[in-house]
Structure formats: C-alpha cells, structure tokens
Amino acid sequence: MLRCLSILLALLGLPIAPAAAQDAARGSECLAMANAPPRAVPVSLRRTAAAAEQVAITYAGHSTYMIDTPGGVRIATDYNGVYRTGRLPDVATMNRAHSTHYTLFPDSRIAHVLHGWGDDGNPAKITLRVGDALIRNVTTDIRRYFGDDSNGEMIKDGNSIFIFEVAGLCIGHLGHLHHKLDESHFAAIGRLDIVMVPIDGSYTMSLDGVSDITRRLRASVVLPMHRFATPLDDFMRRIGQDFAIDLRTARTLQISRDSLPSAPTVIILDGV
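**Thoughts on the overall build of the protein**
Item 1. When its secondary structure is counted, the protein shows five helices and 14 strands.
Item 2. Scored against the burial criterion, the 272 residues of the protein give a buried share of 46%.
Item 3. Look at the contacts in the protein between residues 6 or more apart in sequence, and 55% of them connect residues 24 or more apart.
Item 4. When the accessible area of the protein is evaluated, it comes to approximately 13900 Å², of which 53% is carbon and sulfur surface.

**Regarding the packing of aromatic side chains**
The geometry of an aromatic ring pair comes down to the distance between the two centres and the angle between the two planes.
Item 1. What the rule picks out here adds up to two aromatic pairs.
Item 2. Positioned above the aromatic ring of F186, the side-chain terminus of R216 is 4.2 Å from the ring centre.

**Quick word on the side chain of S160**
Item 1. Along the chain, the position of S160 falls in strand β8 (residues 155-166).
Item 2. Separated by 2.7 Å, the side chain of S160 and the backbone oxygen of G116 make a polar contact.
Item 3. A polar contact of 2.9 Å, which involves the side chain of S160, links it to the side chain of N137.
Item 4. Apart from residues lying up to four places away in sequence, S160 is in contact with N95, G116, A124, N137, V138, T139, H173, L174 and G175.

**Section: the state of the cysteines**
Item 1. Throughout the structure, instances matching the rule amount to one disulfide.
Item 2. Across a sulfur-sulfur distance of 1.9 Å, C30 and C170 are joined as a disulfide pair. What sets the handedness of the C30 and C170 disulfide is the S-S torsion sign, and at about -105° it is left-handed. Of this pair, C30 sits in helix α2 (residues 29-35) while C170 sits in strand β9 (residues 169-173), and the two are 140 residues apart along the sequence. The pair C30 / C170 is uniform in exposure class, with both members buried.

**Details of the nonpolar core**
Item 1. One finds I57, Y65, I171, I194 and L223 to be the most contacted residues of the largest nonpolar core, which totals 54 residues.
Item 2. In this structure I57 touches Y65, M66, I171, I194, M196, L223, R251, T252, L253, I255 and L269, once residues within four positions along its chain are discounted.
Item 3. L88, M94, I110 and W117 belong to the second largest nonpolar core, which has 10 residues in total.

**Section: the sheet that holds strand β1 (residues 55-61)**
Item 1. Pairing in this open sheet of six strands is mixed, and the strands run β5-β4-β3-β2-β1-β13 from one edge to the other. Single-partner strands in this sheet number two, and they are β5 (112-115) and β13 (252-255). The sheet shows a mean angle of 15° between the axes of neighbouring strands, direction not considered.
Item 2. Where strand β4 (residues 91-94) and β5 come together, four bridges link them in parallel fashion. Bridge pairing links A92 to V113 in β5.

**A closer look at unusual backbone geometry**
Item 1. Non-glycine residue H62 carries a positive phi angle of around 55°.
Item 2. Not every positive phi belongs to a glycine, and D78 is a case in point at roughly 40°.
Item 3. Here D78 lies in the loop between β3 (74-76) and β4.

Calculation rules
Residues numbered from 1 in each chain as written. Predicted model: local features only at pLDDT ≥ 70, side-chain atom pairs only at ≥ 80, totals over all residues. Heavy atoms only, no water. Helix = DSSP H or I, 4+ residues; strand = E, 2+ residues; numbered from the N terminus. Buried < 20%, exposed > 50% of the residue type's maximum accessible area, 1.4 Å probe, protein only. Contact = heavy atoms within 4.5 Å. Areas by Shrake-Rupley, 256 points an atom, 1.4 Å probe, with all protein chains shown as cover. Phe/Tyr/Trp six-rings, centres within 6.5 Å; stacked < 30°, edge-to-face > 60°. Lys NZ or Arg CZ within 6 Å of the ring centre and 35° of its normal. Polar contact = N/O pair within 3.5 Å; in protein donor to acceptor, adjacent residues only side chain to side chain. Disulfide = S-S within 2.5 Å. Core = buried A, V, L, I, M, F, W, Y, C linked by side-chain atoms within 4.5 Å. Pairing = 2+ DSSP bridges. Axes fitted to C-alpha atoms, helices over the stretch in contact; angles between N-to-C directions.

So this is what it looks like as structure tokens:
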C-alpha cells in the first residue's frame, strides 16, 4: 500500500521527502516552486477558475511602493513616512541605509513595522503572514557612511531584500543594495515574478551591477526605483536587449499571475 501511495504521489509531482528536508521552504510558495523540479501538470488538474485576483502596486516615491493585496492588506516598502499615497499601510518594511529608507518613529497605527536590519546585532529574520500576504527577507551588507567610519568594512546584514508572496505572485524589493549577490542569496530569494530595483547607479550599485542582478533574477516584471537624476536611457541601454520597455502614464499597476507579460518587461510607472 505504501509503495503504491509513493508511486501515485510521484506521478502527481507531489513531494514525498521528509518534512525536515523542507523546513527552509515551509510556507513559501516562491521557494517551493524555485526548488521543485519542472513537472508536467495533467490537463484535468490545471486551474480552470475565473480570472486570478489582482494585486495593485503604486509608486509613492524614492524606494517606496505601496502593494495592495486582494485581501485588503497594504504594504509599504522602504517606508520613512514621507512618501505616502492613500491610507496608511498595514505593514511597513524599512532599510537603514539612509533616513529616506526608514523612520524610528512610524505612525503607531501601522500594525507591523519590519526592520531590515537586526536591532540586537543579529541578522533580521522575518517570516510573517499578514492576511493573504507572506513576507520574508534575505539580508545583504551595506556600506558605512559619514560619521560612521566610511572607510571601514561593510556593515554585515544591514539591508534586507524583502519578498512578498500574494495571490500567486512573488514580488521582490532589493532595498538599498550595495553589492553583488552570490548563489546563496539567489537560492534564498527563490523565484520572483516582479522585482523592484534601484537604478541610481551610485548610492546603491552601478547600473552594470544592478542590471546583471536583474537579468539573473529573471523576473517577468522589473519596476525601477531610487532613480534620482539617472537618465532612464542609461538603464535601458544595459537591459533593453533582454527586456521589453513599457512606459506608463499611471502610478498604479494592476497585475495578476495570469496577466504577467509573456516577455520580461521593465514597467516604468508615472513618477519614477
């Protein structure tokens, strides 16, 4: 009986490994899908439901995007309280590279304030489910700045790449990224459908560096941020051969798993 059950699970593509081997991906659809071998899905098991639920992503300014989930959860990225649009977020993620990426005095009505750095000196480790969203992080190092021994070694785990999993979408925000990512970073990030990337070319990474990372992540949608005066053409020249360009006149992108573009696309929302 057990042998027959194992064969049936294998045919369906379902995992049969011990639960302990799957702890790292527990609860994360993006990690599970990234780590699973490709498999064919029988026609009878494919989704035939109505249109997928949409996520609204609004550019608020600088590195702040507002992500509104189908279940009514609002998430603000790199939140400092200045770049706002509409109601207060339920969740605010922050990175402590500059005061434009965090605030130590957020509105008390924000239910979840998530620091991308460890307040106790240890790396931030975040896995939080809020409504229909799962939020997790992958830490990276940051440079030191004025008054903080700018010539010293980088501050380990001072930045977080936040990943938001909602409505079947895997959405990543690179934060104030200062260095190349290694294989362990890519493995921890997993699959991304949408990625928000800084394109200032200096305060974070060079345009060549961030373009390389963007291509490696292979997301369907790239949302630029942290632009300053960087000519968009500079970024496009480096990435345009691999990605289509979609210039929008609106600040909000309505998107679902089913409406992802067929070719990798850089979508530039109004204000960027």
